[in-house]
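This is what each chain is made of:
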Amino acid sequence: MSDSRQGSRFRTYTEIVELVETLGKGVVEQHASDVDDKARFPEEAFAAFKEARLLSAMVPQSLGGDGLNIKQLCKLCEILGQYCASTAMVYAMHQIQVACLVNHALTSSYFQQYLADLVEHQYLLASATTELGIGGDLRSSICGLELEGDNFKLVKQAPVISYALNADAILVTCRANTDAAASDQVHVLVKTKKCEFEQIAGWDTLGFRGTCSSGYTLTAAGHVEQVIPAPFATILSKSMHPVSHVLWGSLWTGLAASAVKKARQAVRHAYRKNPDMPPVTSLRLSEVDELLFSMRGGLYQSIEEYQGLLDGDCDDAFTNFGFSIRTNNVKLRCSEMVVDIVGKALMIVGIMGYKNDSPVSLSRHIRDAYGAALMVNNDRIRGHNATMQIAMRDS
Amino acid sequence: MYQDKLRELLSKHGKLSVDAHGLETESDLYEAGLTSLTTVNLMLAIEDEFDVEFSDSMLSRKTFQSIGALCDALEELLD
Ligand SMILES: Cc1cc2nc3c(=O)[nH]c(=O)nc-3n(C[C@H](O)[C@H](O)[C@H](O)COP(=O)(O)OP(=O)(O)OC[C@H]3O[C@@H](n4cnc5c(N)ncnc54)[C@H](O)[C@@H]3O)c2cc1C
């Protein structure tokens, strides 16, 4: 079977959610600790995802995928975030790349075929936007396509590329050609089999260790048909920027929810031991649950707005300042609230949460949570918002 | 009819890499170097000059894409 059909019908979204829940509770959670300890790629989880054809969840049904929309993908990331934030982050980053292709590359027969192949072989896609000398500023590149006839060569100094060595292809931002301006960018798909990787930085980090985000000098070659047929500015405003913020926000919400769940277990445990006196920690639990409620509320509102705009097919709306600010707000709030929530959960769980070897350890949650604000530094994002806020009249 | 004034404001606030007076009506201002910060400065200057207020829904790339687009926006605001 070369697509996601079971017999004569496509599997339903509900079936996919159940499948992801099962895999989350199973293979993902089982290996989460080891993935974190060894800072290694979550290979068992991804073998299972490929087997379950989850890497093509967002590819249109006409090409053999499940045709899920962003709102549905967000739910899957939220579920996975509860079990292993690194695994969820790799899954989310892959889907961001798929979204860029689905929204901007389907006018090209090359990319139609590529997505059909992705469905068949369950290719994993990575991303290289960050560049030495530029950092997280997505709208500038130093490297450019070295064109020779219909072929190109590309060398990018990339200080962070998550799971580069486990990916089948990488979507790279670069200048349209070596003479182009820094902001005249394209988004090009390069196949890892045809790339050379010279490692320039390792990935022994506090958290998100399983994303294996080492740095490389990436040397790639290919054919110009591998360039997505849309300006990168459009890909960024309509897809990469909003999709990454809502998918990241979703998995961070899953991470926060999982910490609150551990806090809840601790409160129940205390209450069972001493049923006459409601523990102080139950008040703390109510408080942290309110925070989770707000985090989720803001996230869901943002997902609804974005999904609505996509369904409404109004391209101008994606560059609207208000929409950009709200899309940034969801990243800023979720990435900071996740730290607050897991910290408060630790206060409730207490010493057992502080231990690395306890079943209610929150060590990985806390370490992962602190990475969220750094994935494109919040101050950089706030800086963009600060500029746009000057022009806005209302919130 | 506001083009001359707009070009003047653009050259003062747009920080473009080219001379605003030499741009075609439909030239892409972002390709000419307009950024989000200079967009905001330009907007504030237009508001002061013509005593208008841009509504939040107008604050998108399309409004500031070219001198022609800016003229259309301004005419709408002055109506
Ligand atoms: C887990 C993880 C996985 C990642 N995976 C990938 C990947 O697969 N591919 C990829 O390309 N990148 C990846 N990144 C890199 C990430 O996207 C950012 O590019 C990187 O974290 C650097 O961000 P930065 O330049 O915004 O901030 P930093 O390098 O952290 O910035 C340093 C300081 O400069 C300040 N600063 C810099 N510029 C500005 C500005 N204009 N306004 C205000 N303040 C500013 C920041 O606030 C900060 O204080 C990953 C990062 C993480 C944490």
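Residues numbered from 1 in each chain as written. Chains lettered and ligands numbered in written order. Predicted model: local features only at pLDDT ≥ 70, side-chain atom pairs only at ≥ 80, totals over all residues. Heavy atoms only, no water.

As recorded by an unreviewed UniProt entry, chain B carries the name Carrier domain-containing protein and is attributed to Saccharophagus degradans.

An unreviewed UniProt entry lists chain A under the name Acyl-CoA dehydrogenase protein, from Saccharophagus degradans.

**Q** Mind showing me how you'd approach the domain arrangement of chain A here?
**A** By a frequent convention, interface size equals the accessible area lost on bringing the separate parts together. Residue and element names in this part refer to chain A. Here the domain parsing of chain A yields domain 1 (13-124), domain 2 (126-228) and domain 3 (232-391). Tallying the contact residues gives 26 residues for domain 1 and 28 residues for domain 3. Summed over both sides, the interface between domain 1 and domain 3 buries roughly 2,300 Å², with carbon and sulfur atoms accounting for 66% of that surface. Linking domain 1 to domain 3 there are three salt bridges. Linking Glu78 and Arg296 is a salt bridge whose minimum nitrogen-to-oxygen distance equals 2.9 Å. Inspection of the domain 1/domain 3 interface yields 10 residue pairs in polar contact (both at pLDDT 80 or more). Of the residues belonging to the side of domain 1 that touches domain 3, the class tally is 15 nonpolar, seven polar and four charged. (Domains from an automatic or database assignment. Contact = heavy atoms within 4.5 Å. Buried area = accessible area lost by both parts, 1.4 Å probe. Salt bridge = Lys/Arg side-chain N within 4 Å of Asp/Glu carboxyl O. Polar contact = N/O pair within 3.5 Å; in protein donor to acceptor, adjacent residues only side chain to side chain. Nonpolar A, V, L, I, M, F, W, Y, C, P; charged D, E, K, R; others polar.)

**Q** Quick question: what am I supposed to make of the pattern of salt bridges here?
**A** Pairs can form between side chains of opposite charge once their charged atoms are near each other. Residues and elements named next belong to chain A. The final tally for this structure, using the stated rule, is 20 salt bridges over all chains. The partner of Lys75 in a salt bridge is Glu78, and the shortest N-O contact between them spans 3.9 Å. Taken together, the residues Lys75 and Glu78, both in helix H3 (residues 70-81) and three residues apart, mark about one turn of the helix. On the accessibility criterion, Lys75 (32% relative accessible area) is partly exposed. (Helix = DSSP H or I, 4+ residues; strand = E, 2+ residues; numbered from the N terminus. Buried < 20%, exposed > 50% of the residue type's maximum accessible area, 1.4 Å probe, protein only.)

**Q** Could you clarify how one ought to interpret the nonpolar core in this entry?
**A** Most often, soluble globular proteins have nonpolar side chains that are buried together. Counting 125 residues, the largest nonpolar core has Phe49, Tyr91, Leu101 and Trp252 of chain A as its most contacted members. Look past the residues within four positions of Trp252 of chain A in its chain and what remains in contact with it is Met89, Phe208, Met295, Lys331, Cys334, Ser335, Val338, Ala372 and Met375 of chain A. Among the nonpolar cores identified, the runner-up in size contains 32 residues, and Leu16, Ala20, Ala32 and Met58 of chain B belong to it. (Core = buried A, V, L, I, M, F, W, Y, C linked by side-chain atoms within 4.5 Å.)

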